[in-house]
Amino acid sequence: MSNEILYEINYHYSNTSPESFHCTVTPIIVLREGILPGCTKSSITARDATGRKFYGNRENYYATEKEAWGRVHLELTQSISNLQAQKEEIEKSLTAQSVYLYSLISATKEIE
């Protein structure tokens, strides 16, 4: 397994600048795979493009760059769908609260 290349997905975003969201797919080199002493599950030791060495689970990485970008596409599609549903619920709630506020304002004027 030494020197096998896998691909990782990196999501880049900022809470202060959400419009800067983007993804990158980068190669990693698997240096070791197996069960470390004291562990019960297999893991990998890998090195990323910047030279950073880290431990991980093979299931979190992809065999090809194409496979990784396919996962990005799937996750973004699901995320957009979920956010759209949330937006629709927020719009319904906003409308209901606005209508109620308007009715309170109208009722208050009648009392005066």
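Everything below is about the structure shown above.
Scoring rules and cut-offs
- As a convention, each chain's residues are numbered from 1 in the sequence order in which they are written.
- With the structure being a predicted model, the display of local features is reserved for residues of pLDDT at least 70 and the display and counting of side-chain atom pairs for 80 or more, all residues being used for whole-chain, interface and lining totals.
- Hydrogens and water molecules were not included; the side-chain quantities draw on all heavy atoms of the structure.
- Helix numbers and strand numbers start at the N terminus; a helix is a DSSP run of H or I with at least 4 residues, a strand a run of E with at least 2.
- Both definitions apply: the radius of gyration is a C-alpha atom measure, and the globule rule equals 2.2 Å times residues to the power 0.38.
- Note on definitions: a residue-residue contact is assigned when non-hydrogen atoms from the two residues lie within 4.5 Å.
- Here, Shrake-Rupley sampling with a 1.4 Å probe gives the accessible areas, and only protein chains in the shown set may cover a residue.
- Asp and Glu count as negative and Lys and Arg as positive, but His and the ends of the chain are not part of the count.
- For charged residues, the charge sits on one atom: NZ in Lys, CZ in Arg, CG in Asp, CD in Glu.
- By the criterion applied in these results, polar contacts are pairs of N or O atoms within 3.5 Å in which, for protein atoms, one can donate a hydrogen and the other can accept it, and in which residues neighboring in sequence qualify only through two side-chain atoms.
- In short, DSSP must find at least two bridges between two strands for them to pair.
- Note on geometry: axes are C-alpha line fits, over the in-contact stretch for helices, and angles between N-to-C directions span 0 to 180 degrees.
- Summary of the burial criterion: residues with accessible area below 20% of their type's maximum are buried, those above 50% are exposed, and those between are partly exposed, where the area comes from a 1.4 Å probe applied to protein chains only.

Caption draft 1: Summary view of the overall build of the chain. Scanning the chain from terminus to terminus reveals 1 helix and 4 strands. Shown N-terminal to C-terminal, the secondary structure of the chain runs as helices and strands in the order β-β-β-β-α. Here the C-alpha radius of gyration of the chain, 24 Å, is well above what a compact globule of 112 residues would show, namely 13 Å. Long-range contacts, defined here as pairs at least 24 residues apart, represent 37% of the contacts in the chain between residues at least 6 apart. Counting only carbon and sulfur atoms, one obtains 58% of the accessible surface of the chain, whose full area is about 8700 Å². One way to put it: in the chain the 11 positive side-chain charges average out to a point 9 Å from where the 14 negative ones average out.

Caption draft 2: Region of interest: the side chain of Thr45. Within the fold, Thr45 resides in strand E3 (residues 43-47). Only 2.9 Å separates the side chain of Thr45 from the side chain of Arg32, close enough to count as a polar contact. Residues in contact with Thr45, not counting those within four places in the same chain, are Ile29, Val30, Leu31, Arg32, Lys53, Phe54 and Tyr55.

Caption draft 3: Quick peek at the sheet that holds strand E4 (residues 53-56). With respect to topology, 4 strands assemble into an open sheet ordered E1-E2-E3-E4, the strand pairing being antiparallel. Every other strand in the sheet has two partners, leaving strand E1 (4-12) and E4 as the edge strands with one partner each. Ignoring which end each strand starts from, the neighbouring axes of this sheet average 40° apart. Here strand E2 (residues 22-34) runs beside E3; their pairing, made up of 5 bridges, is antiparallel. Each bridged residue has a counterpart across the sheet, and for Glu33 the counterpart in E3 is Ile44.

Caption draft 4: Just the environment of Val72, in detail. In this fold, Val72 is placed in helix H1 (residues 65-111). On the basis of relative accessible area, Val72 is assigned to the buried category, the value being 4%. Counting along the chain gives 61 residues from Val72 to Tyr11, while the straight-line C-alpha distance between them is 9.1 Å. Among residues more than four places away in sequence, those in contact with Val72 are Ile9, Tyr11, Cys23 and Val25.

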